[in-house]
Amino acid sequence: MSNVPGNSEKPPIGVIGAGWVGLVTACCFAELGHEVVVREIVQEKVDVLSRGELIMHEPGLPELLKKNIDHMTFTTDMGEVLDRTRLMFVCVDTPPTYSGDADLSRVQQVVREVGDSNDHALIMKSTVPVGTGAAIRRDKHDLAYVSCPEFLKEGTAVDDFMRPDRVVVGADAGDWAGDAVEALYRPLGGEMVRTDIASAEMIKLASNAFLATKISFINEIANVSEEVGADVTEVARGMGLDTRIGPKFLQAGIGYGGSCFPKDVTALKQLAGNSGYHFQLLNAVIEVNELQKRRVIGKLKKHLGDSLVGKKIALLGLSFKPNTDDMREASSLVLSARLRGEGAIVSAFDPVAAERASELLPGVEIENSPLAALEGADAAVIVTEWPEFAEIDLAQLHATMRTPLIIDGRNLLDGNAVAAAGFAYEGVGRPSVGSLDTATDNSSQAPAALGATTE
Ligand code: UGA
């Protein structure tokens, strides 16, 4: 055994990759009392982080970084990580390739740089195809290897890290590193799942694919509910009380997005296909999600007529979900492109994603307040359920918009209250309320008009 530190109760931690997973992991371990060395190849990021500044929006993380900065080192030098730590978390990204397989080039680069030391353990946080760990183990006999997938959600990642439902530790039987990783996470509580490497890798992919399946399932129930007059929020409540089903991830909307679900569902489908198995269910999950993002167009046309040319459509929320500025695979990307394709004028507001969004949404007028985006609009579309949109003053909104039409892509608002304020309202999987015939005439909006559908 070398003199590399690592046997103490709070061993130093290496983190490779200062992306979202890496930074959450690094700051949380620092908060737990570990020295943390973060290796990041982009010098600019290293400089910013070394000053205690963050480059993405994640609640609670700036505070953790500031508080623990004296115990954290940011460097481009892998040698520094190897010298100062034994337990190295790999947190580099594994984006999809054109074939749908995960791109493992960054992981492979790290493995090459780490070498074949018998002092170090590589702990894989990056989401990788099943079999990646086995392939690395075949090449690097001496390097200890643990699959420790992350289950953090953007927006609540710090809390998820500190209070995990479960921690999955996949390692070869008898490998010291499996015990070392278990010891790191034990103080946090949560069920400890010790298993083999391949099963740990599969747990990650299967968990994300299952959650995505749950969403596509409830989205299809929503679509059928619209046809037959049921309310999906009631249906989800009734279903979710069955403890075998559970209430979470049954919120119908205009599709899931983010850096994980779309990529991981495709990667699992591809992995199955590569090994000769046709994973039929996941094809449907992906297709339903793609179509779900486009359903808003039909709802707009139902009220505004077949042509959207010259109509101003305001998108409220651009990030793939609230409490993050992450725009990856956000429904807003597809929706704004479709709207522009239809000839509509698209304006938008997002509380934190505006800067990132401006590069990705050419031709979209991104405003710095909801009312500015809604000025003269023919429809407001709630794309992301930021809580502040639920607080919007409906009377002011009515006075601001040209046509009082709200398409609530996340079922954030109370449709009846919106209709009572003089709007036509369309949620997802709920009966529509109000109609533009009556909605434009504010004085005629007596509560008696509530529940009137546009059908
Ligand atoms: C997801 C998983 O929830 C995490 O456990 C996992 O660690 C992470 O991916 C990852 O692999 O790194 P995240 O992408 O942050 O986390 O987002 P979620 O909160 O899971 O939401 C994903 C998408 O599903 C969002 O677009 C959200 O709007 C949508 N969603 C979620 C629904 O449409 N309905 C729901 O009921 C729940």
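Look up a bit, the structure's there.
Residues numbered from 1 in each chain as written. Predicted model: local features only at pLDDT ≥ 70, side-chain atom pairs only at ≥ 80, totals over all residues. Heavy atoms only, no water.

The subject of this paragraph is the side chain of Asp325. Residue placement: Asp325 occurs in the loop between strand S9 (312–316) and helix H13 (331–341). A relative accessible area of 10% means that Asp325 is categorised as buried. Looking at Asp325, its side chain comes within polar contact range of the main-chain nitrogen of His57, at 3.4 Å. Residue contacts for Asp325: discarding those within four places in its chain leaves Met56, His57, Ser319, Val352, Ala353 and Arg356. (Helix = DSSP H or I, 4+ residues; strand = E, 2+ residues; numbered from the N terminus. Buried < 20%, exposed > 50% of the residue type's maximum accessible area, 1.4 Å probe, protein only. Polar contact = N/O pair within 3.5 Å; in protein donor to acceptor, adjacent residues only side chain to side chain. Contact = heavy atoms within 4.5 Å.)

Bringing the environment of Thr156 into the picture now. Tracing the chain through its elements places Thr156 in the loop between strand S6 (144–147) and helix H7 (157–162). The class of Thr156 is partly exposed, set by a relative accessible area of 35%. Separated by 96 residues in sequence, Thr156 and Gly60 place their C-alpha atoms 8.5 Å apart.

A full pass over the atoms with the stated rule returns nine aromatic pairs. Between the aromatic rings of Phe349 and Phe389, the centroid separation amounts to 6.2 Å while the plane-to-plane angle is 70 degrees, which identifies the pairing as edge-to-face. With Phe349 in strand S10 (residues 345–349) and Phe389 in the loop between strand S12 (379–382) and helix H16 (394–400), this residue pair connects regions lying 40 residues apart in the sequence. For Phe349, a relative accessible area of 7% gives the class buried. Given a relative accessible area of 1%, Phe389 falls into the buried group. Taken together through their ring pairs, the aromatic side chains of Phe29, Phe89, Phe161 and Tyr185 make up a single cluster. In this structure, Arg86 is placed above the aromatic ring of Trp176, and the distance from its NZ or CZ to the ring centre is 4.2 Å. Between the NZ or CZ atom of Arg166 and the centre of the ring of Phe151, over which it lies, the distance is 3.6 Å. (Phe/Tyr/Trp six-rings, centres within 6.5 Å; stacked < 30°, edge-to-face > 60°. Lys NZ or Arg CZ within 6 Å of the ring centre and 35° of its normal.)

The values are spatial; any link to function lies outside them.
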